[in-house]
Amino acid sequence: MIRLAAVGDVHCGTDMGAQIRSQFASVPDHADALLLAGDLTRLGLPEEAEVFADALRELSEMPVAAVLGNHDHQSDRQDEVRAILEDSGVRVLEGSSVVWHVGGAQVAIAGTKGFGGGFEGTHATAFGEREMKAYAEHTRDLADRLDRCLGEVVEAGLTVLLLHYAPIRDTLAGEPREIFPFLGSYLFAELADRHRVDLVLHGHAHRGTERGSTPGGIPVRNVAQAVIQQGYAVYTLDPAQRRAGVRTA
Amino acid sequence: MDDPRYQQERIRQTLATDPRVGEPELGVDLVAGRVLVTGSVPNERVRAAIDLVVAEIAPGTAVDNRVTVPPADEPTGEETIG
Ligand SMILES: [Fe+2]
Ligand SMILES: [Fe+2]
């Protein structure tokens, strides 16, 4: 069995080092690896990323992967934020993946920030003004990159898809419907279904709901800290139950 | 004087972009002449900054700050997937 700790939307400020350290101190007692679903920092400042990375240093034996969120882009210094996290041992995923051998099994974590656009039936289209095209194309570009990445990892064992933005409507329940198009995109659920991943984790929707599933039945969990109401959630996966294995059997 | 609905949205926009708060996910409503703010922030300092920022853009308006700091406790259980 593989035990994964996960949380998003910690929004670390420069004055939050002790708070973050205590939040994650117990992770090794509960899990084999830690996944961070974006919005690690409040304003996307390198000094915030330093505080966050420093607080995680006590988990040096633990595999940690992350995606960035919109807050991590707020100061337009996301490349510095990413470099600071990577230097401290956090694998920051964007259309990329990492494979770990933990809990006696192999698990691939594929990740992207994701973006908005909305959901099937009403998704944004790349039509009209340049700005509207750019909005729709950013989501499409991230999805295309993730598609290629998942094509390479899906047979490796268990696969977990890590996102910041939501891939389905279910886990947004509690948010105003008017902002759904800014909270996620169905393109990432479609990829989860096509590649038969085992679990999808996301954050971003602070007023949302923890549990949902893709149209193809893959579990989706919104791990925003304000949603799970604890330091992190723990999900246990059984390598014998993997979906890709079912498909190829 | 502005329609209060414009003031409500102006407060929401400022709570998103003012670096002392920086939280676009907060709810802002006008209830019985008071500004009701809901949602979550990472710590008490950001929570307190909400009152300061609203006082600057809407002087004299009462603020009902119901924003919470989410608990960061050790989990009490786990979920088995599949
Ligand atoms: Fe967030
Ligand atoms: Fe976010």
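No experiment lies behind these values; they were computed from the predicted model shown. (Residues numbered from 1 in each chain as written. Chains lettered and ligands numbered in written order. Predicted model: local features only at pLDDT ≥ 70, side-chain atom pairs only at ≥ 80, totals over all residues. Heavy atoms only, no water.)

A. Spatial organisation of the coordination of the iron ion (ligand 1). Residues and elements named next belong to chain A. At the metal site, the iron ion (ligand 1) is ligated by Asp9 (OD), His11 (NE2), Asp39 (OD) and His206 (NE2), and these contacts range over 2.0 to 2.3 Å. With four donor atoms in place around the iron ion (ligand 1) and angles of 88 to 164 degrees between them, the coordination shape is irregular. Each donor residue of the iron ion (ligand 1) lies on the same chain, and together they follow the pattern D-x1-H-x27-D-x166-H. Taken as a pair, the iron ion (ligand 1) and the iron ion (ligand 2) lie 3.3 Å from each other and share Asp39 as a ligand. Residue Asp9 is found in the loop between strand S1 (2-7) and helix H1 (17-24), and its partner His206 is found in the loop between strand S8 (199-202) and strand S9 (211-213); the two are separated by 197 residues along the sequence. (Donors = N, O, S within 2.8 Å, 3.2 Å for Na, K, Ca; no water. Tetrahedral: all angles 85-135°; square planar, octahedral: opposite > 155°, others 65-115°. Helix = DSSP H or I, 4+ residues; strand = E, 2+ residues; numbered from the N terminus.)

B. Molecular detail of the nonpolar core. Residues and elements named next belong to chain A. If you look at the biggest cluster of nonpolar residues, it comprises 56 residues, and the most contacted ones within it are Phe24, Leu34, Leu35, Leu36, Phe52 and Ile109. The element contributing the most residues to this core is helix H3 (residues 46-56), with six residues. With residues up to four places along the chain from it excluded, the contact list for Phe52 reads Val10, Cys12, Ile20, Phe24, Leu36, Leu40 and Leu85. Formed by 25 residues, the second largest nonpolar core is a distinct cluster that contains Ala136, Cys149, Leu191 and Val200. (Core = buried A, V, L, I, M, F, W, Y, C linked by side-chain atoms within 4.5 Å. Buried < 20%, exposed > 50% of the residue type's maximum accessible area, 1.4 Å probe, protein only. Contact = heavy atoms within 4.5 Å.)

C. Main features of the sheet that holds strand S4 (residues 90-92) of chain A. Taken in spatial order, the six strands line up as S4(A)-S3(A)-S2(A)-S1(A)-S11(A)-S4(B) in an open sheet, and their pairing is mixed. Taken across any chain shown, the strands that pair with only one partner, and hence form the sheet edges, are S4 of chain A together with strand S4 (79-81) of chain B. Across the sheet, the mean angle from the axis of one strand to that of its neighbour is 30 degrees, orientation sign disregarded. Where S1(A) lies against strand S11 (residues 233-237) of chain A, five bridges are found, and the strand directions are antiparallel. Bridge pairing in S11(A) places A:Ala6 opposite A:Ala233. (Pairing = 2+ DSSP bridges. Axes fitted to C-alpha atoms, helices over the stretch in contact; angles between N-to-C directions.)

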